[in-house]
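Overview (structure and organization)
What follows is each chain in one-letter form.
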Amino acid sequence: MIAKISSGKSTAGLIRYLYGPGRANEHTDPHLVASWDGFAPDPGRTDDIAATKKLLVADLDLRVQQAKRLGRAPKQHVWHCSVRAAPGDRLLDDAEWADIARRVVAATGIAPTDDPDGCRWVAVRHAPDHIHIAATKVRGDLRTARHWNDYLTADRELAAIEKEYGLFQVVRGDRTAAKRPTRAEQEKAHRTGHDKPARIRLRTLVRTAAAAATNTEEFLGLLTHTNGVLVEVLHFPSGEPRGYKVALEDDTNAEGEPVWFSGSTLSPDLSLPKIQSRLAAADIPVGNPQGHLRPHPWHQATAATERIPHHLGRPDAEAAQAHLAALGEALDAVALTAPPNIRAELRAAASAFERATRSRIHAEHHHARALRGAVKSMLHEPTPKDGALLAMFLDAVLLAVIAAARWHDQRQHNQQTAAAHQTLLHLQTAYDRTSSGHLLGASQHRPPQKIAVRYAQLIRQATPTHAAQILADPATDALTTALADAETAGHDPGRLLQQAADERALDDARSPARTLAWRVQRLSQRPAPSRRALAAQAHSTVPRPVAPPQPAAPATPTATSRPRRR
């Protein structure tokens, strides 16, 4: 069940709407199901509807008029709460809705239980799936009702009602979600032919710019040069930027002026100070001054992403939250440069996972410096045409998102858990489209049967728990092909396979064979160790023989212990 609460200043206007036809003639059979004393007049069950509505309004406003004469009536004296059941819930009868209404007004402080001075209220049902509670905020003692945090208290009561009535239990959040578009914003987007409101479109653009930028100036510059986006930067007296606001050129108000949004109104983590803290926590890889080749940025990003499940399994919650935020930036960045056939799915995945990047746990962003820096370097590299690097990165992201869903679920972050599961649906589609062609091409070049049998034995040795599942997977041909290519490049296939298996657990992988294939491909990109290096490594791992203990030598008599001659 969902509650929506608002305030107003016209009791007559609200009653007129509740007993009217509705905006689209959706109000059918409006009638009272409960009231403050059980005897309120019901315009829906009388012949003279107009007169009864006036009588009902007068009864509700009685204490308001008394408080006005004393100068104590609030300006917004109307309290309006709608309670709606979930689409799949059973049909509740009037008695059940009446009980729900009484519990809601009691929980919110409008009419506490056994309080004779509670506010006057009525519950009107004009559709099968919801009711409206209309109340005036003046109590019997002419004081204003104490209904602070009424949305939270009503939501908690509705959660208890869902369990008791056997209704669908709504996923509830922790008040860290970004603000939803209003109904007016949604209707405006529909009128102007946009699939999403301006708030959502700007949020995506700002998140993408933050993921791609390496400093504040670059972030603001990327926003300024985005087509159709207006940017206004606010400065301190010293000249340093202190904030920003954005608008869309095609989103204007009635006077034709742009509708501006500050970063914090788009999302709690998009204020300029919070973006700056994330930008400062990024290690941008640079070339090695000794001339050594550094790993490919896509390989670095994949390796950093594969470590996320490990970080989520540690007790440091602030570090784990930081890695989730960096993973969200990685999805934003990949969606920016993804091939057209998967771009929509990756954007949907990034949009869904955005909710999973925030919780009540404060993120210490310096813990995710490696991943954030690798992602920013990855954007400066062209997207691989063959899809292998992108597929191995998405495979690592899938495992990280599964671990994120488990991490949030353990902490009862319901909205974040649901967001992670929704992300998996889009990610899996993008991964299947990216990996299918590459793995199919690799499987067509599988090694001869004799070599494949040898590799199968290595697989059993390296992954005894998952060996049967791997060898029965069609992607095993791609794995053996990757091992053969690595061996041709000078790598030891057994050692490389063991390293790939030991990197991260395979329990969450939907296809361990695919995951190992991508890991072997990534590890084989490194230069193969020379014979001298292998010999030194083997020598360092061979235990040195321990010398047997030597028998103790007999004690030598000292000068003082010699007997004296007489």
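I will try to describe carefully the structure that is included in this document. (Residues numbered from 1 in each chain as written. Predicted model: local features only at pLDDT ≥ 70, side-chain atom pairs only at ≥ 80, totals over all residues. Heavy atoms only, no water.)

1. Describing the overall build of the protein
As a reminder, the rule being used: What counts as a helix is a DSSP run of H or I of at least four residues, what counts as a strand is a run of E of at least two, and both are numbered from the N terminus. Here's how the labels work: a residue is buried when its accessible area is under 20% of the maximum for its type, exposed when over 50%, partly exposed in between, all with a 1.4 Å probe on protein chains only. Any two residues having at least one pair of non-hydrogen atoms within 4.5 Å are treated as being in contact. Surface accessibility follows the Shrake-Rupley procedure with a 1.4 Å probe radius. Residue values consider only the protein chains on display as shielding.
When its secondary structure is counted, the protein shows 23 helices and 8 strands. Relative to its 566 residues, the protein shows a buried fraction of 48%. Contacts in the protein between residues far apart in sequence, at least 24 positions, make up 72% of those at least 6 positions apart. Just so you have it, the protein exposes about 30000 Å², and 53% of that area is on carbon and sulfur atoms.

2. A closer look at unusual backbone geometry
Backbone geometry at Asp 114 places phi at a positive 60°, although glycine is not the residue there. Among the residues examined, Asp 114 registers a relative accessible area of 78% and is labelled exposed. Of note, Gln 412 is a non-glycine position whose phi angle comes to about 60°, a positive value. Along the polypeptide, Gln 412 turns up in the loop between α16 (388-410) and α17 (414-443). By relative accessible area, which is 66% here, Gln 412 ends up exposed.

3. Concerning the nonpolar core
Which entries qualify depends on this criterion: Buried residues of nine kinds, namely Ala, Val, Leu, Ile, Met, Phe, Trp, Tyr and Cys, make up a nonpolar core once their side-chain atoms join them within 4.5 Å.
The biggest cluster of nonpolar side chains holds 55 residues, and the ones touching the most others in it are Leu 312, Leu 346, Phe 353, Phe 393, Leu 394, Val 401 and Leu 427. Mapped onto this core, the elements with two or more residues apiece are α7 (198-212), α11 (297-306), α12 (308-312), α13 (317-337), α14 (340-353), α15 (369-378), α16 and α17. The leading source of residues in this core is α16, at 16 residues. Ignoring anything within four residues of it in the chain, the contact list for Leu 346 reads Val 334, Ala 335, Ala 338, Leu 394, Leu 427 and Ala 430. Judged by nonpolar contacts, the second largest core, of 29 residues, contains Met 1, Ala 98, Cys 119 and Leu 158.

4. Observations regarding the environment of Gly 328
Structurally, Gly 328 can be placed in helix α13. For the pair formed by Gly 328 and Arg 207, sequence separation is 121 residues and the distance between their alpha carbons is 9.3 Å. Contacts of Gly 328, omitting those with residues within four sequence positions, involve Arg 207, Phe 353 and Thr 357.

5. Notes on helix α18 (residues 449-462)
Because the α-helix completes a turn every 3.6 residues, residues three or four places apart line up on one side. Definition in use: Here, expected helix span is obtained from the residue count minus one, scaled by 1.5 Å. The arc in question is traced by the directions running from the helix axis to the C-beta atoms.
End to end, α18 covers 20 Å across 14 residues, agreeing with the expected 20 Å (1.5 Å per residue, within 8%). Every buried residue of α18 is listed here: Tyr 455, Ala 456, Leu 458, Ile 459 and Ala 462. Buried residues along α18 cover an arc of 160° about the axis, so they all sit on one side. More than 90 degrees from the buried face of α18, the exposed residues found are Gln 449, Lys 450 and Gln 461. Buried residues belonging to α18 abut α19 (467-471), α20 (476-488) and α21 (493-503).

6. Some words on the sheet that holds strand β6 (residues 229-235)
Put simply, the rule is: By definition, two strands form a pair when at least two bridges between them are found by DSSP. Comment: axis = line fitted to C-alpha atoms, over the contacting stretch for helices; angle = value between 0 and 180 degrees taken between N-to-C directions.
Ordered by their spatial adjacency, 3 strands build an open sheet running β6-β7-β8, and the pairing between neighbours is antiparallel. A strand with exactly one partner marks an edge of an open sheet, and here the two such strands are β6 and β8 (261-262). Of the strand pairs in this sheet, β6 and strand β7 (residues 241-248) are connected by 7 bridges, and their pairing is antiparallel. Counterpart to Val 229 in the pairing with β7 is Leu 248. In this fold helix α8 (residues 216-224) packs onto β6 and β7, with an angle of close to 15° to the strand it touches most, β7.

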